[in-house]
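# What the coordinates show
Spelled out from the first residue to the last, the chains are:
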Amino acid sequence: MNEEKRKVLEMLSQGKITVEEADKLLAAIAAPSAEPELDAAGKRVWKYLRVQVEPGPGSESSERVNVRVPRKLIRAGLKFAAFIPQHAQGQVNQAFKEKGFDVDLAKITPQDLEDIISNLDDMTVEVDGKEKVRVFCE
Amino acid sequence: MLPIMMHLRVRQAGRRGFGFFFPIIIIWIILAALLLVLLPFMLLAAILTWRRGPGRFLVLLYPMLASILWNLSGLHVETKDAENEFLISF
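Note on interface size: it is often stated as the accessible area lost on association of the parts. Taken residue by residue, the interface counts 25 residues in chain A and 27 residues in chain B. Summing the contributions of chain A and of chain B, the shared interface buries around 2,200 Å²; its carbon and sulfur component is 68%. If you look at where chain A meets chain B, you find zero salt bridges. For the pair chain A and chain B, the number of links is five residue pairs in polar contact (both at pLDDT 80 or more). For the side of chain A that touches chain B, the secondary-structure elements that each account for two or more residues are α1 (3-13), α2 (19-30), β2 (64-70) and α3 (71-79) of chain A. For the side of chain A that touches chain B, the leading source of residues is β2 of chain A, giving seven residues. Taken together, the residues of the side of chain A that touches chain B break down into 15 nonpolar, three polar and seven charged.

So, in structure tokens, the structure goes:
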């Protein structure tokens, strides 16, 4: 645990700050640094995939979703895809086909997945409707 | 890095909610002990089922589980509406 986190938790245990304040401070500490990490090609390396859902203007709904998934966790999770049994792969392919995606899971290599992940930083999806949805990398 | 603190917050309409920071390292220690105990059985199962396929999965299960747990740091899932709230953050 780093020193900053320890101090925040000490202040929380001493009752100097509330749980909400501690949450904000820890989030600020965990926030990505101002100087982005660059890869060998000088391209910015994203650290988190973010999904945000907020109520749109005039919407009666007050639902909010805020998800932050680390890049390394996505990469680790994708490795499990290699263990999908052959018969299940056929079912997944069929389900993709029904949705209009002609994809063969068996032909997707780890390098393909790596390429997709490393190029996600250029992706931003914004949907404005009753709810405002943003999917982006940071 | 393996996450050592987990923040959990749950609020439901009509019920008293709760929120706390949990030293999740305790769970990792218990899990590590459990996995260590299960390791010989897992290896035996892997050897016995190697030819049929699942054996390879069993051998790689531990390192893959470790890679998931090691990369949980920074995971943040938060949903809330007017009455309910759920937050889990590592």
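Picking up after the structure, the text goes on.
A sheet is described by the order of its strands in space; here eight strands give the open sequence β3(A)-β4(A)-β1(A)-β2(A)-β3(B)-β4(B)-β1(B)-β2(B), paired in antiparallel fashion. On the outer flanks of this sheet lie β3 (124-128) of chain A together with β2 (18-22) of chain B, each paired with one strand and no other. On average, adjacent strands in this sheet sit at an angle of 5° to one another, irrespective of strand direction. Sheet topology places strand β1 (residues 48-55) of chain A next to β2 of chain A; six bridges connect them, and they run antiparallel. Following the sheet pairing, leucine 49 of chain A is matched in β2 of chain A by valine 69 of chain A.

Reading guide: rules and limits
Residues numbered from 1 in each chain as written. Chains lettered and ligands numbered in written order. Predicted model: local features only at pLDDT ≥ 70, side-chain atom pairs only at ≥ 80, totals over all residues. Heavy atoms only, no water. Contact = heavy atoms within 4.5 Å. Buried area = accessible area lost by both parts, 1.4 Å probe. Salt bridge = Lys/Arg side-chain N within 4 Å of Asp/Glu carboxyl O. Polar contact = N/O pair within 3.5 Å; in protein donor to acceptor, adjacent residues only side chain to side chain. Helix = DSSP H or I, 4+ residues; strand = E, 2+ residues; numbered from the N terminus. Nonpolar A, V, L, I, M, F, W, Y, C, P; charged D, E, K, R; others polar. Pairing = 2+ DSSP bridges. Axes fitted to C-alpha atoms, helices over the stretch in contact; angles between N-to-C directions.

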